[in-house]
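Chain residues, written in single-letter form:
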Amino acid sequence: MSQVHLIAPSGYCINQEAAQRGVARLLDDGHQVQNQTIIPRRQQRFAGTETQRLNDINALTRLEGANQIVLAVRGGYGASRLLEQIDWQGLADRQQQDPLLICGHSDFTVIQLGLLALHNVITFSGPMLAGNFGAPELNAFTLEHFWRALQNSTYSVEWQGDGPACERTGQLWGGNLAMVVSLIGTPWLPAIENGILVLEDINEHPFRVERMLLQLHHAGILDRQQAIVLGSFSGATANDYDAGYDLATMIDYLRSRVSVPIISGLDFGHEQKTVTLPLGAQASLVHAAGKTCLTLSGHPVMKA
């Protein structure tokens with residue numbers, strides 16, 4: 001079994017019971033869970049002071065051993081405050097041997113993309129302690145795909161996608177849409193061309209999703225990719241004022257504006273059912289007749 005090392009660089013974990021349930025599940029499965037004392041930490045809306053949260057990240061440079069899974073407790077907001085003080089080079093050096101298997105999503109996306117932009121470090125966009133491992137009922141699909149990603153140097157994700165038939169290859173990158181957009185014009189946004197950009201978000205109305213996607217488009221980022229894959233956009237329900245303008249309508253509009261294939265429908269994001277994707281890995285995307293297959297390789301995995 002593995003060591004799970006917890007980090008909390010973002011928001012205070014308001015659901016303490018869920019976090020403890022997540023720890024208990026990991027322990028029951030035979031994993032060691034380190035750094036549990038950070039779970040109740042709080043400074044205003046954040047999971048501790050700036051110094052404490054920054055130390056969660058920079059201390060990873062000194063974390064020894066193989067098969068170390070680094071797991072974010074939750075997202076929220078706060079990682080953006082840390083970007084200028086993170087020891088990026090130290091983290092990259094740590095990944096040279098027995099790389100840490102770093103996993104999280106949401107607000108954590110900015111740190112993941114910073115690692116990818118500055119040093120081509122691959123991390124996993126996937127479940128977190130409180131929201132996923134600590135859910136009232138642990139999702140079997142999510143658990144299976146988490147371990148599949150961490151244990152297999154090549155693996156595939158399949159779903160009933162929507163979009164034009166295509167075959168594309170490129171470096172996988174992306175994560176939370178709002179966090180990706182927040183990095184435009186900064187050193188922490190990967191300058192990836194001919195990549196496969198995967199995006200998800202939560203509690204953003206369809207017009208806000210469109211506005212952020214158009215910002216990526218206007219910045220020239222979307223048309224430089226091989227393909228765009230859309231995950232889940234939880235809480236993006238249209239209202240009466242929209243008069244039929246919903247997420248599907250918005251995606252159709254985006255397809256009319258963007259030159260590259262847009263494939264939607266992937267179970268990825270702020271849902272109980274989510275895949276785990278290695279950001280920075282090599283990806284092969286094949287979509288035909290409603291069946292989509294994304295094959296990933298070149299990411300760090302657990303050693304036997």
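Being a predicted model, the structure only gives us computed values, none of them experimental.

### Brief notes about the overall build of the protein
If you tally the helices and strands in the protein, you get nine helices and 13 strands. Computed over the C-alpha atoms, the radius of gyration of the protein is 18 Å, within 12% of the 19 Å expected from 2.2 N^0.38 for a compact globule of 304 residues. Considered along the principal axes of its C-alpha atoms, the protein spans approximately 50 × 40 × 40 Å. Counting every position in the protein, which comprises 304 residues, the buried fraction comes to 57%.

### Concerning the packing of aromatic side chains
All chains considered together, the criterion is met by three aromatic pairs. Each ring, one from Phe46 and one from Tyr77, has its centre 6.1 Å from the other, and the planes form 55°; the classification is tilted. Of this pair, Phe46 sits in the loop between β2 (32-34) and α2 (50-58) while Tyr77 is found in the loop between β3 (68-72) and α3 (88-94), placing the two residues 31 residues apart along the sequence. Exposure remark for Tyr77: the relative accessible area of 35% places this residue in the partly exposed category. Of the aromatic side chains, those joined through ring pairs into one cluster are Phe133, Phe146 and Trp147.

### Some words on helix α8 (residues 206-218)
For α8, spanning 13 residues, the distance from its first C-alpha to its last is 18 Å, which sits close to the expected 18 Å at 1.5 Å a residue. Taken together, the buried positions of α8 are Pro206, Val209, Glu210, Met212, Leu213, Leu214, Leu216 and His217. Elements in contact with the buried residues of α8: α7 (177-182), β8 (196-202), β9 (227-234) and α9 (247-257). Just downstream of α8 lies Gly220, where phi reads positive at about 85°.

### Quick word on the side chain of Asp201
By secondary structure assignment, the location of Asp201 is in strand β8. One buried charged side chain, Asp201, makes no salt bridge at all; its nearest oppositely charged neighbour is Arg208, positioned 10 Å away. Side chain to side chain, Asp201 and Asn176 meet in a polar contact 3.2 Å long. In contact with Asp201, not counting residues within four places along its chain, are Asn176, Leu177, Ala178, Met212, Ser232, Phe233, Ser234 and His270.

### Side note on the sheet that holds strand β6 (residues 154-159)
One open sheet accounts for seven strands, arranged β6-β13-β12-β7-β8-β9-β10; its pairing is mixed. Of all the strands in the sheet, just β6 and β10 (262-263) have a single pairing partner and so form its edges. Across five bridges, strand β7 (residues 166-176) lies against β8 in parallel orientation. From the neighbouring strand, Gly175 faces β8, where its bridge partner is Leu199.

### Examining the UniProt feature "domain: LD-carboxypeptidase N-terminal" (unreviewed entry) in the protein
Sequence positions flagged by UniProt for "domain: LD-carboxypeptidase N-terminal" (unreviewed entry) are, in local numbering, residues 4-126. Secondary structure content for residues 4-126 is 33% helix and 15% strand, while the C-alpha to C-alpha distance between its ends is 14 Å.

### Observations regarding the nonpolar core
Soluble globular proteins tend to pack their nonpolar side chains together in the buried interior. If you look at the biggest cluster of nonpolar residues, it comprises 54 residues, and the most contacted ones within it are Ile86, Ile111, Trp173, Leu177 and Leu199. Not counting chain neighbours up to four residues away, the residues in contact with Leu177 comprise Leu199, Glu200, Asp201, Val209, Met212, Leu213, Leu216 and Phe233. Grouped together as the second largest cluster of nonpolar side chains are 45 residues, Ile69, Tyr155, Cys166 and Ala283 included.

### Points about unusual backbone geometry
Within the chain, Asn203 stands out as a residue other than glycine whose phi angle is a positive 55°. Along the chain, Asn203 falls in the loop between β8 and α8. Judged by its relative accessible area of 57%, Asn203 falls in the exposed class. The phi angle at Ala289 is positive, at roughly 50°, despite the residue not being glycine. Mapped onto the secondary structure, Ala289 falls in the loop between β12 (282-288) and β13 (291-297). Here Ala289 falls in the exposed class, since its relative accessible area comes to 83%.

Rules used throughout
Residues numbered from 1 in each chain as written. Predicted model: local features only at pLDDT ≥ 70, side-chain atom pairs only at ≥ 80, totals over all residues. Heavy atoms only, no water. Helix = DSSP H or I, 4+ residues; strand = E, 2+ residues; numbered from the N terminus. Rg over C-alpha atoms; globule rule 2.2 N^0.38 Å. Buried < 20%, exposed > 50% of the residue type's maximum accessible area, 1.4 Å probe, protein only. Phe/Tyr/Trp six-rings, centres within 6.5 Å; stacked < 30°, edge-to-face > 60°. Expected span 1.5 Å × (residues − 1). Contact = heavy atoms within 4.5 Å. Lys, Arg positive; Asp, Glu negative; His and termini not counted. Salt bridge = Lys/Arg side-chain N within 4 Å of Asp/Glu carboxyl O. Polar contact = N/O pair within 3.5 Å; in protein donor to acceptor, adjacent residues only side chain to side chain. Pairing = 2+ DSSP bridges. UniProt positions renumbered as here; feature names shortened; annotations may be inferred. Core = buried A, V, L, I, M, F, W, Y, C linked by side-chain atoms within 4.5 Å.

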